[in-house]
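Residue-level structure breakdown
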Amino acid sequence: MDHKILIADDDSMQRRHLAAILGAQGYTTEMAEGGADALAQLRTATRTGIRLALLDLHMPDLDGIQVLEQVRRDGVTLPILVLTSDGSVARAVDAMRAGATDFIVKPASPERLDVSIRNALALSNLSREVDRLSRQVQNRLSFADLVAVSPVTREAIALARRVARSDMPVLIEGESGTGKEVFARAIHGESERAGAPFVAVNCGALPAALVESILFGHEKGAFTGASERRSGKFQEASGGTLFLDEVGELPLDAQVKLLRAIQSGEVDPVGGKGPVQVDIRLVSATNRDLTAMITKGGFREDLYYRIGVFPMTLPPLRERRGDIPRLARMFLARAIAAEGRSIEGFSTTAMEALTQGAWPGNVRQLENTIQRAVILADGMTIRPGDLHGPGAGAIVETRPAAVERVRAPFDQTLGQSPFLDVDGDIRRLTEIEADVIAQALTLYRKIEDYQLDKTGQDAHGSEV
Ligand SMILES: Nc1ncnc2c1ncn2[C@@H]1O[C@H](COP(=O)(O)OP(=O)(O)OP(=O)(O)O)[C@@H](O)[C@H]1O
Ligand SMILES: [Mg+2]
């Protein structure tokens with residue numbers, strides 16, 4: 001577990017005592033020697049990675065209640081557990097009113113701390129998830145909701161942030177699953193148009209016959225089946241952002257119509273009385289090489305220059321492995337919340353495997369792999385064996401060391417040829433089968449042993 005916890009207490013004995021308990025439970029700790037120090041550290045907690053605080057109520061320079069009131073006023077939302085030697089109900093009520101997450105009477109037992117911290121962290125995960133989802137629903141998702149540890153990801157975000165504030169059309173290029181859509185949403189969420197509609201069109205899934213009606217709308221009775229008047233995606237997005245996903249899949253004749261709409265700033269609903277003005281900001285995405293398509297005549301050059309005023313590329317996950325641990329922990333927290341499971345984190349070897357994976361399906365594949373692992377995991381920790389699915393092949397492939405260790409005992413139990421007996425005669429099929437099963441079981445046990453050997457180490461080294 002790599003959660004960082006702040007211990008705020010004026011008594012150095014208490015600080016050391018608490019740090020020892022938390023250290024044994026796998027947390028890292030930071031110290032604050034009084035109320036003012038605590039206040040300063042809580043205000044910068046997001047940046048320094050502090051995820052929870054233990055706050056003593058009696059501190060001579062600044063009382064714990066005051067610290068609480070102040071940080072909550074500043075909008076600091078991290079869980080704060082209050083510690084006091086005064087077990088009075090009134091004191092507890094005061095603390096909770098001031099924004100404490102929980103109230104613990106000293107001396108705090110390791111068990112009580114453990115339960116309290118776990119609950120608070122789980123709750124804080126859930127409420128962050130609720131915040132993110134409600135921002136998404138309100139079209140106010142921001143880049144702060146995204147993981148960016150690697151320099152290349154940080155650069156991409158810095159670039160997208162700058163262009164977000166302009167009204168320029170943005171073209172996001174990148175392999176499948178690299179985050180093109182979340183980037184498009186964050187560009188919208190950090191633009192002047194935040195809160196207005198964000199309308200996505202999957203250009204790869206537009207039926208040729210309906211392209212116009214879907215994009216530009218139609219009047220009632222405009223064609224067979226048009227039983228109701230419908231406004232198209234352009235009108236739905238008016239005032240906001242139109243996201244043209246998989247824009248490279250758009251058929252050529254639809255490209256012409258799209259270009260016309262973009263150039264004129266108006267759309268002509270099918271069977272309508274004439275053009276309608278729309279005000280949209282365009283963000284497009286593609287995992288295809290549009291310039292190569294232009295050369296081959298599959299994509300119109302004039303359209304490319306319209307939608308690609310500001311092109312940006314999202315690098316594949318294998319080129320920004322620094323993002324993987326944090327992405328993995330975020331997806332784990334999400335999956336835990338969704339599945340209602342209690343899992344503490346990844347074993348060290350599982351996290352290593354994730355970090356070294358090839359991830360041809362990029363962030364989306366990592367997300368799927370972790371969702372599956374949460375469902376598959378037996379214990380409190382996700383182990384390499386839980387990392388099945390499309391990612392597994394890639395993970396094992398890039399980890400020759402792990403494969404070697406697993407294979408060694410198998411080779412030793414395997415005789416010269418499993419098909420011949422000691423006299424060199426061909427064995428019965430059932431015997432061979434029995435042997436193979438026995439060997440498979442041995443291998444299975446070895447895998448188990450290998451993981452069991454590491455349990456002690458994993459308990460300390462595991463993540464989240
Ligand atoms: N930097 C990031 N931080 C957090 N989550 C991310 C990040 N990048 C991608 N994701 C998540 O990964 C998943 C895939 O991202 P997204 O759908 O945006 O990718 P895409 O490039 O549009 O994929 P596709 O080509 O499959 O349509 C989503 O759940 C998204 O929220
Ligand atoms: Mg997408």
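Rules behind the numbers
Residues numbered from 1 in each chain as written. Chains lettered and ligands numbered in written order. Predicted model: local features only at pLDDT ≥ 70, side-chain atom pairs only at ≥ 80, totals over all residues. Heavy atoms only, no water. Buried < 20%, exposed > 50% of the residue type's maximum accessible area, 1.4 Å probe, protein only. Helix = DSSP H or I, 4+ residues; strand = E, 2+ residues; numbered from the N terminus. Arc of directions from axis to C-beta. Contact = heavy atoms within 4.5 Å. Phe/Tyr/Trp six-rings, centres within 6.5 Å; stacked < 30°, edge-to-face > 60°. Near = heavy atom within 4 Å. Polar contact = N/O pair within 3.5 Å; in protein donor to acceptor, adjacent residues only side chain to side chain. Areas by Shrake-Rupley, 256 points an atom, 1.4 Å probe, with all protein chains shown as cover. Nonpolar A, V, L, I, M, F, W, Y, C, P; charged D, E, K, R; others polar. Core = buried A, V, L, I, M, F, W, Y, C linked by side-chain atoms within 4.5 Å. Salt bridge = Lys/Arg side-chain N within 4 Å of Asp/Glu carboxyl O. Pairing = 2+ DSSP bridges. Right-handed = clockwise from strand over helix to strand, strands pointing away.

Details of helix α4 (residues 64-73)
- Buried within α4 are the following residues: Gly64, Ile65, Val67, Leu68 and Val71. Summarising the axial view, the buried residues of α4 lie within an arc of 160°, below the 170-degree limit, and thus occupy one face.
- As for α4, its buried residues are in contact with α2 (35-43), β3 (50-56), β4 (80-84) and α5 (89-97).
- Gly75, located one to two residues past α4, shows a positive phi value of around 85°.

Side note on the packing of aromatic side chains
- As enumerated under the stated definition, the model contains four aromatic pairs in all.
- Seen in terms of ring centroids, Phe143 and Phe183 are 5.5 Å apart; in terms of plane orientation they differ by 65°. Their pairing is edge-to-face. Taken together, the residues Phe143 in the loop between α6 (110-137) and α7 (151-164) and Phe183 in helix α8 (residues 180-189) connect sequence positions 40 residues apart.
- In this structure Phe143 comes out as buried when scored by relative accessible area, which is 3%.
- Here the aromatic rings of Tyr304 and Tyr305 are separated by 5.4 Å at their centres, their planes lie at 75°, and the arrangement is edge-to-face.
- According to the relative accessible area criterion, Tyr304 is buried, its value standing at 11%.
- For Tyr305, a relative accessible area of 54% gives the class exposed.

Observations regarding the site of ligand 1
- Around ligand 1, the structure places 16 residues, and the nearest of them are Val147, Gly177, Lys180, Arg364 and Glu367.
- Backbone polar atom of Gly179 to an oxygen atom of ligand 1: 3.1 Å apart, as the coordinates give it.
- One of the backbone N or O atoms of Glu181 is found 3.0 Å from an oxygen atom in ligand 1.
- For ligand 1, whose free accessible area comes to 630 Å², the fraction covered by protein is 89%.
- Secondary structure elements with two or more residues in the shell around ligand 1: α8, α14 (324-339) and α16 (362-376).
- Counted by class, the shell around ligand 1 contains seven nonpolar, four polar and five charged residues.

Considerations on the nonpolar core
- By size, the foremost hydrophobic cluster in this structure holds 31 residues, and its most contacted members are Phe234, Leu242, Phe299 and Ile307.
- If one sorts the elements of this core by residue count, helix α11 (residues 252-264) sits on top with five residues.
- When near neighbours in sequence (up to four residues on either side) are disregarded, Phe234 contacts Leu215, Phe216, Leu242, Leu258, Ala261, Val267, Val278 and Ile280.
- By size, the runner-up hydrophobic cluster in this structure holds 26 residues, among which are Ala8, Ala32, Ala38 and Leu62.

What to know about the pattern of salt bridges
- Going through the model one piece at a time under the given rule, you end up with 22 salt bridges.
- The partner of Arg334 in a salt bridge is Glu129, with the nearest N and O atoms 3.5 Å apart. One end of the pair, Arg334, is in helix α14; the other, Glu129, is in helix α6, with 205 residues separating them in the sequence.
- The buried category is assigned to Arg334, whose relative accessible area is 18%.
- Looking at Glu129, the relative accessible area reads 17%, which means it is buried.
- Across the salt bridge formed by Arg193 and Asp167, the nearest N and O atoms sit 2.9 Å from each other. With a gap of 26 residues between them, Arg193 in the loop between α8 and β7 (198-202) and Asp167 in the loop between α7 and β6 (170-174) connect regions that are remote in the sequence.
- Members of the salt-bridge network, linked through shared partners, are Asp9, Asp56 and Lys106.

Remarks on the pairing of β3
- In terms of burial, β3 is largely enclosed, as seven of its seven residues are buried.
- Of the strand pairs in this sheet, strand β1 (residues 4-8) and β3 are connected by five bridges, and their pairing is parallel. Paired with Leu6 across the bridge in β3 is Ala53.
- Regarding the hand of the β-α-β motif, the stretch spanning β3, α4 and β4 is right-handed.

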